[in-house]
Amino acid sequence: MLPDNILFSADPSNDLLAFLNKKNYSKVVVLTDENTREHCYPALQQKLPDHFVIEVKSGEEQKNLETCVLIWKQLTDYALDRHAVLLVLGGGVLGDMGGFCAATYKRGIDFILIPTTLLAQVDASIGGKLGVDFDHFKNHIGVFQQPALTLLYTGFLKTLPVAELRSGFAEVIKHTLISDKDMWDTIRKKSLQEQDWDGLLKHSVAFKADVTTQDPKEKGLRKILNAGHTIGHAVESYLLASGHRILHGEAIALGLIAEGFIARERNMLSHDDFQSIAAYILAVYGKVDLNEKQIAEAAQLTVQDKKNKGNKILCVLQEGIGRARWDCEINFDEVKEALSFYQ
Ligand code: NAD
Ligand code: ZN
């Protein structure tokens, strides 16, 4: 069962209008970046009641307190009271930051998330985590707060650059690998372009919503959503810090293979299942080349992961396809071996 603040929509402007009419907000403000203003805002604009638009620059490097100050300032200039609503139209960057600004403006006004990237639709807009980066730490300042509504419309994906689609798809693959073998069998028969996004989204969102409702503050079960991220996130951080480019989902795809390899070595995952995972992910994402020095240095970052306890590296490992354990402990040598195998 989906929480009742999540709505799948085939007609976002009408559904949004119906919601706003019910709520009777004092003012409506729309937050966009230059891309979502151009590609997504026109689909809503005409039916929206009287409103203001705030546009910020796109990109993770804008997800900081300086941009929040610009947003808070405009909310103040528009004299928004506590009965206003902020409608956040964008990817995960805007969702996290806009939600945070709304949750803190005058101790919190309502916000509506209208995620426009695949990653934001299946992941960032579900689960109530909001925030911004600070002092080189990702999502360092933030709060947990649920939106009044998350409106999901896959039509927005039509204008999304294919690299961004591929990046978000890694989170769909992750959700599937840890929750539903049948879904995996459906996904792996199709290329990225052939996927049925409506069907996949319903599945992926329901899964994440269920997990985060059971464990909203990540005390236990929610850690299962870190599948692929222990190793993937380390490689992503390492490459970005050394001046390389890699999208989050590309790193998570690599992480799912590497962590799958460790699960296979521990006989938690069969050889055939591992092969099926690795072959499909490599076909969609290609390989990220890493030399021996890079492997050792990226592996070292898994040891420093803030989610660890003491010297143990916490990791989610597959138990077959469609199931996983979130409380496994792995060691540095296993990470190095998995990354070397991947090469
Ligand atoms: P993003 O928000 O930067 O969007 C990617 C790019 O696509 C941007 O340039 C954006 O302007 C553009 N764009 C967005 N929608 C478009 C559309 N429909 N057509 C054309 N262009 C479009 O990146 P993202 O991948 O959506 O989100 C990444 C962020 O999400 C990170 O900051 C990450 O920390 C956060 N995140 C949060 C959670 C959470 O639980 N809150 C979970 C995962 C990720
Ligand atoms: Zn992720």
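Since we're looking at a predicted model, the values are computed, not measured.

A. Focus on the overall build of the protein chain. Along the backbone of the protein chain there are 14 helices and 10 strands. Relative to the globule expectation of 20 Å for 343 residues, the C-alpha radius of gyration of the protein chain, 20 Å, shows essentially globular dimensions. Taken along its principal axes, the extent of the C-alpha atoms in the protein chain is 60 × 40 × 35 Å. Relative to its full complement of 343 residues, the protein chain shows a buried share of 53%. Excluding contacts between residues fewer than 6 apart, the proportion of contacts in the protein chain whose partners are at least 24 apart in sequence is 75%. Approximately 15,800 Å² of the protein chain is accessible, and the part contributed by carbon and sulfur atoms is 50%. The protein chain carries 38 positive and 45 negative side-chain charges, and their two centres are separated by 4 Å.

B. Geometry of the layout of surface pockets. A volume near 180 Å³ is recorded for the second largest pocket. Gly127, Gly128, Gln146, Thr212 and Thr213 are, among the 16 residues lining the second largest pocket, the residues nearest its centre. Top contributing element to the lining of the second largest pocket by residue count: helix H9 (residues 197-214), with 3 residues. Looking at the lining of the second largest pocket residue by residue, the class counts come to 7 nonpolar, 9 polar and no charged.

C. View of the coordination of the zinc ion (ligand 2). Around the zinc ion (ligand 2), the protein contributes the donor atoms Glu171 (OE), His229 (NE2) and His248 (NE2), which lie 2.0 to 2.1 Å from the metal centre. Between the donor residues of the zinc ion (ligand 2), the gaps in sequence give the motif E-x57-H-x18-H. One end of the pair, His229, is in helix H10 (residues 229-241); the other, His248, is in helix H11 (residues 248-265), and 19 residues separate them in sequence.

D. The arrangement of the domain arrangement of the protein chain in detail. When cut into domains, the protein chain gives domain 1 (6-159) and domain 2 (162-342). A straight line from the C-alpha centre of domain 1 to that of domain 2 covers 28 Å. Listed per partner, the contact involves 15 residues of domain 1 and 22 residues of domain 2. Considering only the side of domain 1, the residues that lose the most area to domain 2 are Phe8, Leu118 and Val122, jointly responsible for 34% of the buried surface there. In this structure, Asp123 engages Lys208 in a salt bridge whose closest nitrogen and oxygen atoms are separated by 2.7 Å. Summed over the shared surface of domain 1 and domain 2, the result is 5 residue pairs in polar contact (both at pLDDT 80 or more).

E. Layout of the environment of Thr159. If you trace the backbone, Thr159 turns up in the loop between strand S8 (149-152) and helix H7 (162-179). Along the chain, Thr159 and His39 lie 120 residues apart, while their C-alpha atoms are 6.8 Å from each other. A polar contact of 3.5 Å, which involves the side chain of Thr159, links it to the backbone oxygen of Phe156.

F. View of the site of ligand 1. Inspection of the region around ligand 1 gives 26 residues, with Asp33, Glu60, Thr116, Thr117 and Thr159 positioned closest. Gly92 is positioned such that a nitrogen or oxygen atom in its backbone is 2.8 Å from an oxygen atom of ligand 1. Secondary structure elements with two or more residues in the shell around ligand 1: helix H2 (34-39), helix H5 (92-104), helix H6 (118-124) and strand S7 (137-144). Each residue belonging to the shell around ligand 1 can be placed in one class, and the counts come to 7 nonpolar, 10 polar and 9 charged.

G. Examining the side chain of Glu259 more closely. Within the element layout of this structure, Glu259 appears in helix H11. Of the side chains with opposite charge, Lys174 comes closest to the buried, unpaired Glu259, at an N-O distance of 9.8 Å. In this structure, Glu259 is in contact with Asn226, Ala227, Gly228, His229, Thr230, Ile231, Gly232, Cys315, Val316 and Leu317, ignoring residues within four places of it in sequence.

H. Spotlight on the packing of aromatic side chains. Per the counting criterion, the structure on display carries 9 aromatic pairs. Summarising the aromatic geometry, the rings of Phe261 and Phe341 are spaced 4.4 Å apart at their centres and angled 20° between planes, so their arrangement reads as stacked. Remark: Phe341 occurs in helix H14 (residues 332-342) and Phe261 occurs in helix H11; sequence separation between them is 80 residues. Look at Phe261 and you get buried, because its relative accessible area is 5%. Among the residues examined, Phe341 registers a relative accessible area of 39% and is labelled partly exposed. An aromatic cluster is built from Phe169, Trp184, Trp197 and Tyr280, whose rings are joined through pairwise contacts. Seen from the ring of Tyr41, Arg37 lies directly overhead, with NZ or CZ sitting 5.9 Å from the centre. Above the face of the Phe8 ring, Lys202 is positioned so that its terminal group lies 5.4 Å from the ring centre.

What counts, and at which threshold
Residues numbered from 1 in each chain as written. Chains lettered and ligands numbered in written order. Predicted model: local features only at pLDDT ≥ 70, side-chain atom pairs only at ≥ 80, totals over all residues. Heavy atoms only, no water. Helix = DSSP H or I, 4+ residues; strand = E, 2+ residues; numbered from the N terminus. Rg over C-alpha atoms; globule rule 2.2 N^0.38 Å. Buried < 20%, exposed > 50% of the residue type's maximum accessible area, 1.4 Å probe, protein only. Contact = heavy atoms within 4.5 Å. Areas by Shrake-Rupley, 256 points an atom, 1.4 Å probe, with all protein chains shown as cover. Lys, Arg positive; Asp, Glu negative; His and termini not counted. Charge placed at Lys NZ, Arg CZ, Asp CG, Glu CD. 1 Å grid on protein atoms, 1.4 Å probe; cavity = no way out; pocket = protein on both sides within 12 Å on 5 of 7 lines; lining within 4 Å. Points joined across faces, edges and corners; volume = space filled by probe spheres on them. Nonpolar A, V, L, I, M, F, W, Y, C, P; charged D, E, K, R; others polar. Donors = N, O, S within 2.8 Å, 3.2 Å for Na, K, Ca; no water. Domains from an automatic or database assignment. Buried area = accessible area lost by both parts, 1.4 Å probe. Salt bridge = Lys/Arg side-chain N within 4 Å of Asp/Glu carboxyl O. Polar contact = N/O pair within 3.5 Å; in protein donor to acceptor, adjacent residues only side chain to side chain. Near = heavy atom within 4 Å. Phe/Tyr/Trp six-rings, centres within 6.5 Å; stacked < 30°, edge-to-face > 60°. Lys NZ or Arg CZ within 6 Å of the ring centre and 35° of its normal.

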